[in-house]
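One letter stands for each residue in the lines below.
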Amino acid sequence: MFRAIADVLRQVGGAVATVVTLPFRALARLFGGASSTARGHRA
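Residues numbered from 1 in each chain as written. Predicted model: local features only at pLDDT ≥ 70, side-chain atom pairs only at ≥ 80, totals over all residues. Heavy atoms only, no water.

Novice: Tell me about the overall build of the protein, and name the residues and values.
Specialist: Across its full length, the protein holds one helix and zero strands. By residue count, 0% of the 43 residues in the protein fall in the buried class. When the accessible surface of the protein is summed, it comes to about 4100 Å², and 70% of that surface belongs to carbon and sulfur atoms. (Helix = DSSP H or I, 4+ residues; strand = E, 2+ residues; numbered from the N terminus. Buried < 20%, exposed > 50% of the residue type's maximum accessible area, 1.4 Å probe, protein only. Areas by Shrake-Rupley, 256 points an atom, 1.4 Å probe, with all protein chains shown as cover.)

Novice: Any details on a nonpolar patch on the surface? Residues and values, ideally.
Specialist: Taken together, the side chains of Val8, Val12, Val16, Val20, Phe24, Leu27, Leu30 and Phe31 define a hydrophobic patch exposed on the protein surface, amounting to about 810 Å² of accessible area. Residue valine 20 is classed as partly exposed on the basis of its relative accessible area, which comes to 44%. (Patch = residues over 30% accessible without salt bridge, like charges linked within 9 Å, V, L, I, M, F, W, Y side chains within 5 Å. Salt bridge = Lys/Arg side-chain N within 4 Å of Asp/Glu carboxyl O.)

Novice: I'd like to hear about the pattern of salt bridges, residue by residue, with values.
Specialist: For the structure on display, the rule yields one salt bridge. Of the charged contacts, one joins aspartate 7 and arginine 10 as a salt bridge, the two residues approaching to 4.0 Å between their closest N and O atoms. Placement of both aspartate 7 and arginine 10 in helix α1 (residues 2–42) is noted, with a separation of three residues, approximately one turn of the helix. What makes aspartate 7 partly exposed here is its relative accessible area of 39%. Exposure remark for arginine 10: the relative accessible area of 64% places this residue in the exposed category.

So this is what it looks like as structure tokens:
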């Protein structure tokens, strides 16, 4: 029974982690792209 609960908690934790990290990944891509383009224009 504890194994089943642990598995459910793992699945929920993984889903929450993905949902929470997705926005940060998108922001990182936006800022990363902006910084890379700025660097290209500067050079």
